[in-house]
Amino acid sequence: MKTKMKIERIELLLLELPYVHFFETSLGREEKRAFILVKVFGDGICGYGEVVADESPLYSYETTSTAWLVLREYLIPLVFEKSINNPQDFYLEANRYRGHPMAKAGLELAFWDLRAKTENLPLWKIYGGDKKEIPAGVSVGIQDSTRQLLKRIDGFLQEGYQRIKIKIKPGWDVQICREVRRQFPDILLQADANGAYSLADKDQLKELDAFQLLMLEQPFPPYDLWDHSQLQKQIKTAICLDESIISVKTARQAWEMGSCRIVNIKVGRVGGIVEARKIHDFCQQKSMPVWCGGMLESGIGRAHNIHLATLPNFRLPHDLSASTRYYAQDLIEPPVEITPQGTIIVPEGPGIGVFPQEGRIKRATLQREVFKK
Ligand code: OSB
Ligand code: MG
């Protein structure tokens, strides 16, 4: 859609929100989340995006500081210079800059929300989604004890989640999976290593085959498609790649090498919806299922993810959980909730279909900058 709409201003906000429960992965333990909200204003309408970069370069090399810098110095000036007013043009123009996918995705998402609101349509309709509700899973971090982990999993199962993902690392893996399986023999269970292993650990990883895991997510570090292909040949459990898949090209290479059988799609990691869509379509062609990952987003980023997850090849439960699983008070109304069937109902309102609460956003804001042409 080409319109004459002019972008009036763009705002960046740096926010901080405490988690209701610490979140620990093989990368470390976090008690709170810092992230950037992007607001794009055109024709008096505001589109919202969220940049999922963390405070530290752990999950990826991007941070809140690098994303802020790249947005302020390059991506936002590009919008005004080229009079960009829609997400596809932004994607094409922003491509001239290498890397920084999370910074790009945050701004692209704001353009998608703005465009959908301008057309008075929910994002899932714009994307061509085919689901009114989506299956909810929950990602359970490393706990202080096995007992605590089992108790937490039990609580989430009672809330209705369709699938449990546990975080693993050397020393918190085979034995933990065994205990979880013993307690919960029939649940959909998967494990995520966030790159904590190497091929030298393959015998340890092979032992995971005993626990009927739905998948093993990202055993090796990001830039390691080849080693993943070697591991996939030797284990029965399906490997799912998260950090390694940064574009449709890496998805194709992973498929050709046999590095994985499942792909986790995160909009931030791949640089936006346009690229996420390409990965989705490629995987669909190859009959490789995808599902929607999460970065502990606020309700704004999560609402974006929910709409994306309505596309046809999203075929496994997602890391999309209720607002209360992450934050005492989410930034949106209504909050994201889980139905007794363990699903999330896709919002029907225009754009992201939920209402960001400006008062709450303001209270969580540490830094703000406004940009105009
Ligand atoms: O690897 O999927 C991951 C959170 C932060 C960084 C990386 C990951 C995660 C999660 C949480 O697993 C998923 C969620 O948002 O619920
Ligand atoms: Mg992961």
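Computed from a predicted structure; not experimentally measured.

Caption draft 1: The overall build of the chain, seen in detail. Helix and strand counts for the chain stand at 14 helices and 15 strands. On the principal axes, the C-alpha backbone points of the chain span a range of 60 × 40 × 35 Å. A burial count over the chain gives 60% of its 373 residues as buried. Taking the intrachain contacts of the chain between residues at least 6 apart in sequence as the baseline, contacts between residues at least 24 apart amount to 72%. Accessible surface computed for the chain: about 15100 Å², of which carbon and sulfur atoms make up 50%. Across the chain, 49 positive and 47 negative side-chain charges occur, with their mean positions spaced 3 Å apart.

Caption draft 2: Quick look at the packing of helix H9 (residues 248-257) against helix H11 (residues 273-285). Where H9 meets H11, the closest approach of the two axes is 8 Å, and the angle between their N-to-C directions is 25 degrees. By the angle class used here, H9 and H11 are roughly parallel. In the packing of H9 onto H11, the handedness of the crossing is right-handed. Where H9 abuts H11, its residues Val248, Ala251, Arg252 and Trp255 lie against Glu275, Lys278, Ile279 and Phe282.

Caption draft 3: Broad picture of helix H3 (residues 101-118). In a regular helix each residue adds 1.5 Å, so 18 residues correspond to 26 Å; H3 covers 25 Å between its end C-alpha atoms and thus fits that length. With 17 of 18 residues buried, H3 is to be regarded as a mostly interior element.

Caption draft 4: Representation of the environment of Thr310 in the model. Secondary-structure assignment places Thr310 in the loop between helix H12 (299-308) and helix H13 (323-326). For Thr310, a relative accessible area of 0% corresponds to the buried category. Through-space distance from the C-alpha of Thr310 to that of Gly129 is 4.5 Å; in sequence the pair is 181 residues apart. The contacts of Thr310, once residues within four sequence positions are left out, are Trp124, Gly129, Asp130, Lys131, Ile134 and Val346. At 2.7 Å, the side chain of Thr310 forms a polar contact with the backbone oxygen of His307.

Caption draft 5: Spotlight on the sheet that holds strand S8 (residues 216-217). On the basis of which strands lie adjacent, the open sheet formed by 7 strands has the order S5-S6-S7-S8-S9-S10-S11 and parallel pairing. The outermost strands of the open sheet, each flanked by one partner alone, are strand S5 (137-140) and strand S11 (290-292). Strand direction decides the pairing type here: S8 and strand S9 (residues 239-241), joined by 2 bridges, are parallel. Within S9, the position partnered with Leu216 by the bridge is Ile239.

Caption draft 6: A look at the site of ligand 1. Around ligand 1 sit 15 residues, and of these Ser139, Asp192, Asn194, Leu296 and Tyr326 come closest. Between an oxygen atom of ligand 1 and a side-chain N or O atom of Ser139, the distance comes to 2.9 Å. At a separation of 2.8 Å, an oxygen atom of ligand 1 approaches a polar side-chain atom of Asn194. Across the complex, the protein chains shield 96% of the 390 Å² of accessible surface that ligand 1 would expose by itself.

Caption draft 7: How the structure looks around the pairing of S5. The side-chain alternation of S5 yields two buried faces, one formed by Gly137 and Ser139 and the other by Val138 and Val140. For the handedness criterion, the β-α-β arrangement of S5, helix H5 (residues 146-159) and strand S6 (residues 163-167) is classed as right-handed.

Caption draft 8: Layout of the pairing of strand S2 (residues 28-42). Across 14 bridges, the pairing between strand S1 (residues 7-25) and S2 is antiparallel. If you follow Leu15 over to S2, its bridge partner there is Phe35. Taking the residues between adjacent antiparallel strands as the criterion, S1 and S2 are bridged by 2 residues. Here 7 bridges tie S2 to strand S3 (residues 45-51), and the two strands are oriented antiparallel to one another. Bridge pairing in S3 links Gly42 to Ile45. Between S2 and S3, which pair antiparallel and follow one another directly, the connecting turn spans 2 residues, one of which, Asp43, has a positive phi of 50 degrees.

Basis of the calculations
- Residues numbered from 1 in each chain as written.
- Chains lettered and ligands numbered in written order.
- Predicted model: local features only at pLDDT ≥ 70, side-chain atom pairs only at ≥ 80, totals over all residues.
- Heavy atoms only, no water.
- Helix = DSSP H or I, 4+ residues; strand = E, 2+ residues; numbered from the N terminus.
- Buried < 20%, exposed > 50% of the residue type's maximum accessible area, 1.4 Å probe, protein only.
- Contact = heavy atoms within 4.5 Å.
- Areas by Shrake-Rupley, 256 points an atom, 1.4 Å probe, with all protein chains shown as cover.
- Lys, Arg positive; Asp, Glu negative; His and termini not counted.
- Charge placed at Lys NZ, Arg CZ, Asp CG, Glu CD.
- Axes fitted to C-alpha atoms, helices over the stretch in contact; angles between N-to-C directions.
- Parallel < 35°, antiparallel > 145°, perpendicular 65-115°, else oblique.
- Left-handed = near helix turned anticlockwise from the far one by under 90°.
- Expected span 1.5 Å × (residues − 1).
- Polar contact = N/O pair within 3.5 Å; in protein donor to acceptor, adjacent residues only side chain to side chain.
- Pairing = 2+ DSSP bridges.
- Near = heavy atom within 4 Å.
- Right-handed = clockwise from strand over helix to strand, strands pointing away.

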